[in-house]
Amino acid sequence: MTTQTYEDEGLRFEYPPDWVLEETDAGDVRTVAVQAPDGLGFAVIQTDDSRPDPEEIAGAALQAMRDDYPELDARPVLETINDHAATGHDLDFMALDMSNSASIRCFRTPRRTVLVLGQWSDLGDAGLPNRVLDVVRSIEETE
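Counting from 1, residues in each chain are numbered in the order their sequence is written. Residues qualify for local features only when their pLDDT is at least 70, as the model is predicted, and side-chain atom pairs are given and counted only at 80 or more; totals for whole chains, interfaces and linings, by contrast, use all residues. To obtain the side-chain values, all non-hydrogen atoms of the structure were used and water was disregarded.

A. Expanded view of the sheet that holds strand 9 (residues 113–121). Judged by pairing direction, the sheet is antiparallel, and its seven strands sit side by side in the order 3-4-5-9-8-7-6 without closing on themselves. Edge positions in the sheet fall to strand 3 (20–26) and strand 6 (73–81), since each of these pairs with one other strand and no more. Across this sheet, the average inter-strand angle for adjacent strands is 15°, counted without regard to direction. Should DSSP find at least two bridges between two strands, the strands are regarded as paired. Where helices and strands are cited, they refer to DSSP runs of H or I of at least four residues and of E of at least two residues respectively, numbered from the N terminus. Summarising the sheet, strand 6 and strand 7 (residues 84–95) pair through nine bridges and their orientation is antiparallel. Bridge assignment links Leu-78 to a residue of strand 7, and that residue is Thr-87. Contacts are assigned to residue pairs with any non-hydrogen atoms lying within 4.5 Å of each other. Note on definitions: angles span 0 to 180 degrees between N-to-C directions of axes, and those axes are lines fitted to C-alpha atoms, for helices only across the stretch in contact. Taken strand by strand, helix 1 (residues 54–68) contacts strand 6, strand 7, strand 8 (98–108) and strand 9, and its axis lies near 5° from that of strand 7.

B. Examining the environment of Ile-139 more closely. Position of Ile-139 relative to the elements: it lies in the loop between helix 2 (128–137) and strand 10 (140–141). Whether a residue is buried, partly exposed or exposed follows from its accessible area with a 1.4 Å probe, protein chains only, as a fraction of its type maximum: under 20%, in between, or over 50%, in that order. Looking at Ile-139, the relative accessible area reads 1%, which means it is buried. Spatially, the C-alpha atoms of Ile-139 and Ile-45 are 8.7 Å apart, while their sequence positions differ by 94 residues. Beyond its immediate sequence surroundings of up to four residues, Ile-139 is in contact with Leu-11, Arg-12, Phe-13, Ile-45, Ile-81, Asn-82, Phe-107, Val-114 and Val-116.

C. Examining helix 1 more closely. Expected span of a helix, by definition, is 1.5 Å for each gap between consecutive residues, and there is one gap fewer than residues. In this model helix 1 runs 21 Å from its N-terminal to its C-terminal C-alpha over 15 residues, within 8% of the 21 Å that 1.5 Å per residue would give. Turning to helix 1, its buried residues are Pro-54, Ala-58, Ala-61, Leu-62 and Met-65. End-on view of helix 1: buried residues confined to an arc of 100°, all on one side of the axis. In helix 1, the exposed positions angled more than 90 degrees off the buried face are occupied by Glu-56 and Asp-67. Looking at the buried positions of helix 1, the neighbouring elements they touch are strand 6, strand 7, strand 8 and strand 9. Two N or O atoms form a polar contact when they lie within 3.5 Å of each other; inside protein one atom must be a possible hydrogen donor and the other a possible acceptor, and for residues adjacent in sequence the pair counts only when both atoms belong to side chains. In this structure Asp-53 caps helix 1, since a side-chain oxygen of it lies 3.1 Å from the backbone nitrogen of Glu-55. Comment: arc refers to directions from the helix axis out to C-beta atoms.

D. Summary view of the pairing of strand 9. The buried count for strand 9 comes to nine of nine residues, which makes it a mostly enclosed element. Alternating positions in strand 9 separate into two faces, Thr-113, Leu-115, Leu-117, Gln-119 and Ser-121 on one and Val-114, Val-116, Gly-118 and Trp-120 on the other, with burial throughout. Judged from the eight bridges that link them, strand 5 (residues 41–48) and strand 9 form a sheet pairing that is antiparallel. Looking at strand 9, one finds that Phe-42 is bridged to Gln-119. In this structure, strand 8 lies alongside strand 9, joined through nine bridges in antiparallel fashion. By the bridge assignment for strand 9, Cys-106 is matched with Leu-115. The hairpin turn running from strand 8 into strand 9, its antiparallel successor, is four residues long.

Below you can see the structure in the form of structure tokens.
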């Protein structure tokens, strides 16, 4: 499958070429989001140059999801993303009568802390979870 590459401000990742990309910048915090054309899957990558603790950031992201979806199931996860030890959670929850899954990952580099939220609905095609997770796992620093 062909991919498109995002590369800016020392951050690079690959995403499907038909997905929509959006960027926002708020001082030390930069957010880049990519979303499937049907809206059933997306990934949000947030970098914070102030380098907060990854466990705290992943925990805050989990709490925000719990606030929105009190019945969600969460499992802690440790994963390596391009040589960075990432902490996070895998989630399953119901929203709008749809079964959804999400992946929260967070790691710190010498330059910044990176938080990634990937989410997909079971209404998407069978390959959607892999496309979202491929975005998450392709993240790397280039500077």
